[in-house]
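# Structural overview for review
Here are the chains, one letter per residue:
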Amino acid sequence: MNLFADFHARIAAILARLQTEGRLPAELDFGRFVVEPPRDPSHGDLACNAAMVFAKEAKAGFGAPRAFAEAIVAALAREDSVASAEVAGPGFINIRVKPEIYDRIIAFCVNNPGVFGRAASAPGAGKVNVEYVSANPTGPMHVGHCRGAVFGDALASLLAFAGRAVTREYYINDAGAQVDVLARSAYLRYREALGEAVGDIPEGLYPGDYLKPVGVALVAKYGRSLLDQPESQWLAPVRQFAIDAMMDLIREDLKALAIEHEVFFSERSLTVKHGASDAVMAAVDALRAKSLIYEGRLPPPKGQLPEDWEDREQTLFRSTQFGDDVDRPLLKSDGAYTYFASDIAYHRSKFERGFTTMIDVWGADHGGYVKRMKAAVAAISGGAAGLDVKLCQLVKLMRNGEPVKMSKRSGDFVTLRDVVDEVGADAVRFMMLFRKNDAPLEFDLAKVIEQSKDNPVFYVQYAHARGRSTLRKALEAFPDMDLTPAALRSADLALLDDAGERALMALIAQYPRLIEQAAHAHEPHRIAFYLHDLASAFHSHWNRGKDEHGLRFINEEKRFLTHARLALVSSFTAVLASGLAILGVSAPEEMR
RNA sequence: GCGCCCGUAGCUCAGCUGGAUAGAGCGCUGCCCUCCGAAGGCAGAGGUCAGGGGUUCGAAUCCCUUCGGGCGCGCCA
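Residues numbered from 1 in each chain as written. Chains lettered and ligands numbered in written order. Predicted model: local features only at pLDDT ≥ 70, side-chain atom pairs only at ≥ 80, totals over all residues. Heavy atoms only, no water.

## With respect to the overall build of chain A
Short version of the rule: The helix and strand labels rest on DSSP assignments: H or I over at least four residues marks a helix, E over at least two residues marks a strand, and numbering proceeds from the N terminus. Only heavy atoms matter for contacts: two residues are in contact if any of them lie within 4.5 Å across the pair. The Shrake-Rupley method, run with a 1.4 Å probe sphere, supplies the accessible areas, and residue values consider only the shown protein chains as cover.
Scanning chain A from terminus to terminus reveals 20 helices and 15 strands. Considered along the principal axes of its C-alpha atoms, chain A spans approximately 85 × 65 × 45 Å. Across chain A, every contact between residues at least 6 apart in sequence was considered, and the portion connecting residues at least 24 apart equals 72%. Of the roughly 27,500 Å² of accessible surface on chain A, 52% is carried by carbon and sulfur atoms.

## Considerations on the layout of surface pockets
Inclusion rule: The way it works is a 1 Å grid over only the protein atoms, where trapped points that fit a 1.4 Å probe form a cavity and open points with protein on both sides within 12 Å along at least five of seven lines form a pocket, and then any residue with an atom within 4 Å of a point lines it. Grid points are joined across faces, edges and corners, and a volume is the space filled by probe spheres set on the points. Each residue is assigned to one of three groups, with Ala, Val, Leu, Ile, Met, Phe, Trp, Tyr, Cys and Pro labelled nonpolar, Asp, Glu, Lys and Arg labelled charged, and all others, Gly among them, labelled polar.
Taken as a whole, the second largest pocket holds about 620 Å³ of empty space. Along the walls of the second largest pocket sit 20 residues, with Pro 38, Pro 41, Gly 44, Ala 506 and Gln 510 positioned nearest its centre. When contributions to the lining of the second largest pocket are tallied by element, the ones reaching two or more residues are strand S4 (92-97), helix H5 (99-111), helix H17 (499-509) and helix H18 (511-521). Element by element, the count of residues in the lining of the second largest pocket is highest for H17, at 5 residues. Looking at side-chain class alone, the lining of the second largest pocket contains 11 nonpolar, 3 polar and 6 charged residues.

## Comments concerning the nonpolar core
Applicable threshold: Joining through side-chain atoms within 4.5 Å is the link that ties buried Ala, Val, Leu, Ile, Met, Phe, Trp, Tyr and Cys residues into a set, and such a set is a nonpolar core. Residue exposure (1.4 Å probe, protein chains only): buried if accessible area is under 20% of the type maximum, exposed if over 50%, otherwise partly exposed.
Among the nonpolar cores identified, the biggest contains 149 residues, and Ile 11, Leu 15, Phe 33, Phe 68, Phe 430 and Phe 443 are the most heavily contacted of them. Here the element with the most residues in this core is helix H20 (residues 559-583); it accounts for 13 residues. Those residues within four positions of Phe 443 in sequence are excluded, and the remaining contacts are Val 395, Lys 396, Leu 397, Met 398, Val 419, Val 423, Ala 427, Val 428, Met 431, Met 432 and Val 448. In this structure, Tyr 171, Ala 345, Ile 380 and Ala 385 belong to the second largest nonpolar core, which totals 29 residues.

## Structural notes on the sheet that holds strand S2 (residues 46-48)
Note the following rule: Only strands that DSSP links by at least two bridges are regarded as paired with each other. Every axis corresponds to a line fitted to the C-alpha atoms, with the helix fit spanning only the stretch in contact, and the corresponding angles, defined between N-to-C directions, vary from 0 to 180 degrees.
Taken in spatial order, the 4 strands make up an open sheet running S1-S2-S4-S3, and their pairing is antiparallel. Of all the strands in the sheet, the pair left with one neighbour each is strand S1 (35-36) and strand S3 (82-88). Bridge count between S3 and S4: 6 bridges; the pairing is antiparallel. The partner of Ala 88 across the bridge, within S4, is Phe 92. On the sheet, helix H4 (residues 65-76) packs against S3 and S4 and is oriented at approximately 175 degrees with respect to S3.

## Let's talk about empty space enclosed by the protein
Scanning all chains against the criterion turns up 1 cavity of 30 Å³ or more. Empty space within the largest cavity amounts to approximately 40 Å³. Lining of the largest cavity is provided by His 43, Gly 44, Ser 84, Ala 85, Glu 86, Asn 94, Ile 95 and Arg 96. Contributing elements (two or more residues each) for the lining of the largest cavity: S3 and S4. For the lining of the largest cavity, a count of residues per class yields 2 nonpolar, 4 polar and 2 charged.

## What about the protein's contact with RNA strand B?
Operational definition: Note on terminology: near, applied to a residue and a molecule or strand, indicates that one of the residue's heavy atoms is within 4 Å of it. Here a polar contact is recorded for every N or O atom pair within 3.5 Å, except that within protein the pair must consist of a potential hydrogen donor and a potential acceptor, and residues adjacent in sequence are included only if both atoms are side-chain atoms.
Near RNA strand B you find 68 residues, and of these Ser 333, Lys 453, Arg 466, Gln 517 and His 549 are the closest. For RNA strand B, the fraction of protein-proximal atoms (within 4 Å) that sit in sugar or phosphate groups is 55%. Ala 364 is positioned with one of its backbone polar atoms (N or O) 3.3 Å from a sugar or linking oxygen of RNA strand B. Within the side chain of Arg 526, an N or O atom sits 2.8 Å from a sugar or linking oxygen of RNA strand B. Of all the elements in the fold, those that place two or more residues in the surface near RNA strand B are helix H2 (50-53), S4, helix H7 (177-193), helix H15 (456-477), H18 and helix H19 (525-547).

## A few points about the sheet that holds strand S15 (residues 441-444)
Pairing is mixed in the open sheet, where 3 strands are placed in the order S14-S13-S15. Of all the strands in the sheet, the pair left with one neighbour each is strand S14 (402-403) and S15. Of the strand pairs in this sheet, strand S13 (residues 395-399) and S15 are connected by 4 bridges, and their pairing is parallel. Looking at the pairing, Lys 396 lines up with Glu 442 of S15.

See the structure below:
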């Protein structure tokens, strides 16, 4: 049902025929040309650039690109779905299809809402792992986390819809120094819960109130038994207890945004010994076996030398062999593994679990880490797996155009929950996706709950509600009309001959192609923009019905025309609902 | 000093693996409701796509360079 893919295949077949006739060279990469919707509707339904892309290769057989294009056009004209094909400009091929092609697409969409646009699973595509959020388990989620969270979740949905086998994963950073700090902070709350006056939370510990219930829960579990123990005794159990509590908190926060991961992967689990070794050691050994590890010295960074720079020999990974700028250390001066070493082991685990496409969603401040991680994935997989890192820029939280102040100290930050409670999950999700991930984003708490066209969330949801309302309204005019998919799909769509109706149909027909491209580019924001465009086309056509009553969807005098128009409305709401579902935003029946 | 990201209308941003005359919303100007939801729509004004070179049939898009902004730069996660 992808009109554009269909014609790409047809034109490829035509080119192949020309190859066997010896008028084109044998080796041509058909992936180089595109069939796309023309920007200017007067150019027809589809435009193809094949004649220009293969101009060089066709020069011997055809001469100028236009002549080559004429040959393709002649072949296209014989296709039964083509109304007309012509050459334009330097060699564009503009194709107009017969209207029934669109009728068929709309009929399919009406009859298979939720399926239209979905791609069949590609056999050789391999499993995809999308890792996102991965916030440190030291407290509730900050508003800064929500962009990556929503982005990763929508991307995963998009890829699944595009036919990929997707796993959503969360990496728990439960092995660093910060979780020890968490444990000490929780232990303090534990003493507090036992009646001790702890006063101000000392510098270096987490001050937030959210640890108080953890202290109480520790008392419930351990009583007073931890009080007179040395830290070496209580640290590990308290740490695990606190981490579990924090992860419960985080899962709750994510649930408020309708986000659910299938796998929570513990960093600490990588350092659990199996005999004499653990996963990190195993990963390093694997690299060593490929001669990618050596003992050496790194040159200091250019420019300002760090204060505590000390030239020393260390264990290095040859990431420069895979495009990194310098080789990267795997051991700290105290002999422990670096975070990078665990990350290598973690991504090695992903590879061993069968993922050949890995997508990591990070904050933009981790941009400096991308090259080494890609290098590591290339090294551990021998080039069999690829890593794409999607960096999400900061969100500037605003209220009525004024920045919302966020002080970092004293644990007084704006939580994700605060924001979701204030404006709702739909608004947060849509706005996080109504911007390219690598562009900064302004999020205005006042604007996103405004019920006006300024607010894209509302604008799109309103279009859906309007469409659904029309279908309900139609039953008042035609109480016996059958609006089930099975009935609507056999509506006589040839009756739809208005330019506004055909424009809407053309836009709907682009949906499968849009899905494919957005999935390929790992860019869910394209869905959001498409839905906004689609909603706009609908609103626009709707308003034409105010001047020309004959264009209204419901026409009491013309039963069959109304039925056909309702089929169009139904396909429209189906695509809106489908796209919104990918974004994780609700498609309301009515606005309240 | 080096690396990555960004620079498009007054503001916030799209621009689909290089495509035809660069788009949308806000703001500004002027319009459209006796009847499917005006919670909407139509029209107008507004651009050296940061500047300069290059690649080619064709560049906002790719390469080089300058300027401007953000992020990062052994042992933190």
